[in-house]
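Inside the fold
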Amino acid sequence: YPDKPPILFWAMNAAWRLLGVNVFSIQLLTGGLIAIWIVLLRQTYKVVFPQDTLGSLLFPFLFVSLYQLWSEFYLLRVDLFLVIAVSLYNLIVLSASKNKCVNLLSLLGAIVATTLGVFSKGPIFFVFSLLPLILFTVFDRKSVFLYLKIMLSTLIGTLLFLGGWVLPACLNGGEEFTKQI
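Rules and cut-offs
Residues numbered from 1 in each chain as written. Predicted model: local features only at pLDDT ≥ 70, side-chain atom pairs only at ≥ 80, totals over all residues. Heavy atoms only, no water. Helix = DSSP H or I, 4+ residues; strand = E, 2+ residues; numbered from the N terminus. Buried < 20%, exposed > 50% of the residue type's maximum accessible area, 1.4 Å probe, protein only. Contact = heavy atoms within 4.5 Å. Core = buried A, V, L, I, M, F, W, Y, C linked by side-chain atoms within 4.5 Å. Salt bridge = Lys/Arg side-chain N within 4 Å of Asp/Glu carboxyl O. Phe/Tyr/Trp six-rings, centres within 6.5 Å; stacked < 30°, edge-to-face > 60°. Expected span 1.5 Å × (residues − 1). Axes fitted to C-alpha atoms, helices over the stretch in contact; angles between N-to-C directions. Parallel < 35°, antiparallel > 145°, perpendicular 65-115°, else oblique. Left-handed = near helix turned anticlockwise from the far one by under 90°. Arc of directions from axis to C-beta.

What about the overall build of the protein chain?
Helix and strand counts for the protein chain come out as eight helices and zero strands. Counting from the amino terminus, helix and strand elements in the protein chain follow one another as α-α-α-α-α-α-α-α. Out of the 181 residues in the protein chain, the part that is buried amounts to 41%. Pairs at least 24 apart in sequence give 71% of the contacts found in the protein chain among residues at least 6 apart.

Let's talk about the nonpolar core
The biggest cluster of nonpolar side chains holds 42 residues, and the ones touching the most others in it are Tyr89, Phe125 and Ile150. Going through the elements one at a time, α1 (7-19), α2 (23-48), α5 (79-99), α6 (104-121), α7 (124-139) and α8 (144-180) are the ones with two or more residues in this core. The element contributing the most residues to this core is α5, with 12 residues.

As for unusual backbone geometry
Of note, the phi angle at Lys100 is positive, near 60°, even though the residue is not glycine. Of note, Lys100 is situated in the loop between α5 and α6.

Some words on the pattern of salt bridges
Taken as a whole, this structure holds two salt bridges when the rule is applied. Between Lys100 and Asp140 there is a salt bridge; the shortest N-O distance is 2.8 Å. Separated by 40 residues along the polypeptide, Lys100 in the loop between α5 and α6 and Asp140 in the loop between α7 and α8 bring together distant segments of the chain. Taking the relative accessible area as the measure of exposure, Lys100 reaches 48% and is therefore partly exposed.

Details of the packing of aromatic side chains
Evaluated as defined, the whole model comprises seven aromatic pairs. Ring centres of Tyr45 and Phe49 lie 4.9 Å apart, and the angle between their planes is 45°; on these two criteria the pair is classed as tilted. Judged by its relative accessible area of 14%, Tyr45 is buried.

Quick look at α7
With 16 residues, α7 should reach 22 Å at 1.5 Å per residue; the first-to-last C-alpha distance of 24 Å fits that figure. Phe125, Ser129, Leu133 and Thr137 are the residues of α7 that are buried.

Some remarks on the packing of α5 against α6
Axes are the key here: two packed helices are described by the angle between their axes and the distance separating the axes. Between α5 and α6, the shortest axis-to-axis distance is 8 Å and the interhelical angle comes to 155°. Put simply, α5 runs roughly antiparallel to α6. Relative to α6, α5 is oriented so that their crossing is left-handed. Along the contact surface, α5 presents Asp79, Phe81, Leu82, Ile84, Ala85, Leu88, Tyr89 and Ile92, while α6 presents Ser106, Gly109, Ala110, Ala113, Thr114, Leu116, Gly117, Ser120 and Lys121.

A short note on α1
Helix length check: α1, at 13 residues, gives a terminal C-alpha distance of 18 Å against a target of 18 Å (1.5 Å per residue), a fit within 8%. Among all positions of α1, only Ile7, Leu8, Ala11, Met12 and Ala15 are buried. The buried side chains of α1 occupy one side of the element, clustering within an arc of 135° when seen end-on. For α1, the elements touching its buried residues are α2, α5 and α6. One or two residues past the end of α1 sits Gly20, with phi positive at roughly 90°.

Some points on the environment of Leu80
Within the secondary structure, Leu80 is located in helix α5. Among the residues examined, Leu80 registers a relative accessible area of 0% and is labelled buried. Expressed as a C-alpha distance, the spacing of Leu80 and Ile36, which sit 44 residues apart in the sequence, is 9.9 Å.

See below:
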């Protein structure tokens, strides 16, 4: 699949190397990704509704069940990487908006989320991450500098993707492969 960024294949290979080539290793990988997503959803809920402790425990599980949890255990899909990257990115933007500050850890998180997002689905990541960020920037004019810092982190994550996979793949893959990318 030359049109797909490589994170899905890297993750599958890592799971197979750790646990052997079998269906269980891929299901475990998918289950791990869903667990990460549940944690991110819980944190997002806690940012939006800090007083509601019961809701922060229940909401992620209700939300994930809508994502056809059981089908994901049988078919490993690259969309889970995208969902985790977008969830992390939007949690960072939401937290920055709520706290009116952004720290180094948040900026590093935005870089990681962007890199993971573009390694999983390419430019589709930007549709789900930059649109909310742009809306926050438009409607929260007092914190524009804050959002610009996050946008800069997004640019750094994109450059990591370009330097880490796209350029080497184009250089090593030949002319036809470069056109497909």
